[in-house]
Amino acid sequence: MSRRVGIIGSGIVGQTLANGFIECGYQVTIGTNTAAKRDELRAKTNGKATVGNFEDAAKFGEIVVLATKGAGAEAALTAAGIAHLAGKTVIDTCNPIADAPPVNGVLQYFTSQNESLMERLQKAAPDARFVKAFSCIGNAFMVAPDFDGQKPTMFICGDHEGAKADVRSILEQFGHDVADMGTVEAARAIEPLCILWCIPGFRGGGWNHAFKLLRK
Ligand SMILES: NC(=O)c1ccc[n+]([C@@H]2O[C@H](COP(=O)([O-])OP(=O)(O)OC[C@H]3O[C@@H](n4cnc5c(N)ncnc54)[C@H](OP(=O)(O)O)[C@@H]3O)[C@@H](O)[C@H]2O)c1
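Residues numbered from 1 in each chain as written. Predicted model: local features only at pLDDT ≥ 70, side-chain atom pairs only at ≥ 80, totals over all residues. Heavy atoms only, no water.

1. Observations concerning the site of the ligand
In the vicinity of the ligand lie 26 residues, with Ser10, Thr32, Thr34, Lys37 and Thr68 positioned nearest. Taking Ile12, its main chain carries an N or O atom lying 3.1 Å from an oxygen atom of the ligand. Contact between the ligand and Asn33: an oxygen atom at 2.9 Å from a main-chain N or O atom of the residue. Here the shell around the ligand is built from residues that sort into 10 nonpolar, 14 polar and 2 charged. (Near = heavy atom within 4 Å. Polar contact = N/O pair within 3.5 Å; in protein donor to acceptor, adjacent residues only side chain to side chain. Nonpolar A, V, L, I, M, F, W, Y, C, P; charged D, E, K, R; others polar.)

2. Considerations on the pairing of strand E7 (residues 153-156)
Remark: a regular strand shows side chains that alternate across the two faces of the sheet. Of the two faces of E7, the one lined by Thr153 and Phe155 and the one lined by Met154 and Ile156 are each fully buried. Pairing of E7 with strand E8 (residues 177-180) involves 4 bridges; the strand directions are parallel. Across the sheet, Ile156 pairs through a bridge with Asp180, a residue of E8. This β-α-β element, E7 to helix H6 (residues 161-174) to E8, shows right-handed connectivity. (Buried < 20%, exposed > 50% of the residue type's maximum accessible area, 1.4 Å probe, protein only. Helix = DSSP H or I, 4+ residues; strand = E, 2+ residues; numbered from the N terminus. Pairing = 2+ DSSP bridges. Right-handed = clockwise from strand over helix to strand, strands pointing away.)

3. What to know about the environment of Arg188
When you line up the elements, Arg188 lands in helix H7 (residues 187-190). Sequence separation between Arg188 and Glu115 is 73 residues; the distance between their C-alpha atoms is 5.7 Å. Ignoring anything within four residues of it in the chain, the contact list for Arg188 reads Gln113, Asn114, Glu115, Ser116 and Glu119. A distance of 2.8 Å separates polar atoms of two side chains, one belonging to Arg188 and the other to Glu119. (Contact = heavy atoms within 4.5 Å.)

4. A short note on the packing of aromatic side chains
In the structure shown here, the tally under the stated rule is 6 aromatic pairs. Plain terms: the ring middles of Phe21 and Tyr26 are 5.0 Å apart, the flat faces sit at 85° to each other, and that makes the pair edge-to-face. A single burial state applies to Phe21 and to Tyr26, both of which are buried. Cluster of aromatic residues (ring-pair linked, three or more members): Phe21, Tyr26, Phe134 and Phe174. Over the face of the ring belonging to Tyr26 we find Arg3, whose NZ or CZ atom lies 4.2 Å from the ring centre. Over the ring of Phe60 we find Arg4; its NZ or CZ atom is 5.2 Å from the centre of that ring. (Phe/Tyr/Trp six-rings, centres within 6.5 Å; stacked < 30°, edge-to-face > 60°. Lys NZ or Arg CZ within 6 Å of the ring centre and 35° of its normal.)

5. What about the pairing of strand E2 (residues 27-31)?
Along E2, 4 of the 5 residues are buried, which leaves the element largely enclosed by surrounding structure. Considered for its hand, the β-α-β crossover made up of strand E1 (residues 4-8), helix H1 (residues 12-23) and E2 is right-handed. Here E2 runs beside strand E3 (residues 50-52); their pairing, made up of 3 bridges, is parallel. Looking at E3, one finds that Ile30 is bridged to Val51. Traced from E2 through helix H2 (residues 38-44) to E3, the parallel crossover comes out right-handed.

6. Some thoughts on the nonpolar core
Counting 65 residues, the largest nonpolar core has Ile7, Ile8, Phe21, Leu66, Ile91 and Phe134 as the members making the most contacts within it. With near-sequence residues (within four places) excluded, Leu66 lies in contact with Ile8, Ala73, Ala76, Leu77, Val90, Ile91, Asp92, Thr93, Cys94 and Leu121. (Core = buried A, V, L, I, M, F, W, Y, C linked by side-chain atoms within 4.5 Å.)

7. Details of the sheet that holds strand E6 (residues 129-132)
Hydrogen bonds along the backbone pair up the strands of a sheet, which may run parallel or antiparallel. Here 6 strands make up an open sheet; going across it, the order is E3-E2-E1-E4-E5-E6 and the pairing parallel. Two strands bound the open sheet, and with one partner strand each, they are E3 and E6. With direction set aside, neighbouring strand axes in the sheet form an average angle of 25°. As paired strands, E1 and strand E4 (residues 63-66) are joined by 4 bridges and run parallel to one another. Considered in E4, the bridge of Val5 is made with Ile63. (Axes fitted to C-alpha atoms, helices over the stretch in contact; angles between N-to-C directions.)

8. A word on the pattern of salt bridges
Working definition: two side chains of opposite charge can pair if their charged atoms are close together. According to the stated counting rule, one finds 11 salt bridges in the structure shown. Taken together, the salt bridges that share partners define one network made up of Asp92, Lys132 and Glu191. (Salt bridge = Lys/Arg side-chain N within 4 Å of Asp/Glu carboxyl O.)

9. Notes on the side chain of Thr93
Here Thr93 shows up in the loop between strand E5 (89-92) and helix H5 (117-124). Judged by relative accessible area, which is 8%, Thr93 ranks as buried. In contact with Thr93, not counting residues within four places along its chain, are Val13, Leu17, Val65, Leu66, Ala67, Ala133, Phe134 and Ser135.

Following this line, the structure appears as structure tokens:
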């Protein structure tokens, strides 16, 4: 299993996953393209992650995490250098949230129902092995989620079976039950789970929940 992870994205998701990977023994480079954020990022990762720009993270990672604002994800890939992602597992956490505000607690997306952000990213970087993951749960529950002994379900998808095996192993280390929904097109169903997940929060019901797929 690869032990070097590059994280493209300096927000709370990038920070949370950086710390999760570090706790699990991975080496991490986290990237921001805003130089003024670098010192804060070093502090938020307790000096244990190397901090660079998006390209540094893409070059460093044997596995790469994309954790940028959805509307900036394609630009972030370009800035990171699409060639650096060839043949690598790329964990796509991004949701295509539009700038327009939620309607009665329902987020608006800039994609339509018969497409997804991850399909756009996979087309933009055809040799990268994208796997959707971490997109349907709040950052507070991405690493070692505690629901009284129940593991939340993390829905994943992607075209490359080896890449999905990498991500399954990481998710299991992080404490999730994994449900593989198939190929990249399944991102059309997984990305909107974020809309559903956010509704209780925006409507005053709190943010302390997660999805669970029941099977028999
Ligand atoms: N927050 C959550 O709990 C949560 C849960 C599930 C999924 N997600 C998804 O995970 C992703 C990251 O979320 P987040 O809350 O950590 O942070 P965020 O504020 O959505 O994204 C911050 C990152 O996006 C980059 N960025 C912003 N605009 C950009 C642009 N135009 N071009 C290129 N890069 C741009 C920033 O670059 P700089 O570093 O240069 O500033 C920064 O690295 C999002 O797509 C979000 O929908 C979030």
